[in-house]
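Fold and geometry: a report
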Amino acid sequence: DYWTDGECKQTLGNGICDADLNKKEYAFDNGDCCGATCEGGSCGLGSLDIAFNHSLDPSGDGFPSCKNTDMVPITIRIEKVTTFPNSVDYDESASPLLSVTCNSILYLMVPIDTYMDNKSETIYLPDGADCIFNIRNSTYDRNGWRTKYRFHEVAYE
């Protein structure tokens, strides 16, 4: 088989997920498209343009193109994000960050905002991964934001 023009312009295993190479026959871009298999310092950085059905500006970090069938889909549902603008340290321009780190690998990092209300995002993790879900806010105290969320393991065949 011959590579297409698009495939020829891409590089396997460079830490950047290339859509043309995100196929089983190319080992899903030699691992670049999933957090558990990507190697290098640029893995997933700035690659998330849409999260929780919302365009991100600036981009978030994550692996939106992970198709590796060895990974398990986990859905995060944000039920409600509430701000308290009367809080002394509230700053509307600085959203806290939601991050998911598993086995010391960052799988998702996006700003939290009210656009996430009743929205979900599915990420793909290794089965049995040891994960930390974190909402970090370094701009003002935790009295400025509240987030209610749930995790769901997605049934798959």
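Throughout what follows, the structure given in this document is the object of discussion.

What counts as what
- Residues numbered from 1 in each chain as written.
- Predicted model: local features only at pLDDT ≥ 70, side-chain atom pairs only at ≥ 80, totals over all residues.
- Heavy atoms only, no water.
- Helix = DSSP H or I, 4+ residues; strand = E, 2+ residues; numbered from the N terminus.
- Buried < 20%, exposed > 50% of the residue type's maximum accessible area, 1.4 Å probe, protein only.
- Contact = heavy atoms within 4.5 Å.
- Pairing = 2+ DSSP bridges.

Inspection of the secondary structure puts Asp117 in the loop between β5 (105–111) and β6 (119–126). Asp117 sits in the buried class, given a relative accessible area of 18%. Beyond its immediate stretch of four places on either side in the chain, Asp117 contacts Ile78, Glu79, Lys80 and Val81.

This paragraph deals with the side chain of Asp18. Position of Asp18 among the secondary structure elements: in the loop between α1 (5–8) and α2 (27–30). In this structure, Asp18 is in contact with Gln10, Thr11, Asp29 and Cys33, ignoring residues within four places of it in sequence.

The subject of this paragraph is the pairing of β5. Sheet topology note: the strand β2 (residues 54–62)/β5 ladder contains 2 bridges and is antiparallel. Bridge pairing links Asp61 to Met109 in β5. As paired strands, strand β4 (residues 97–102) and β5 are joined by 6 bridges and run antiparallel to one another. Residue Leu97 lies in a different strand from β5, and its bridge partner there is Pro111.

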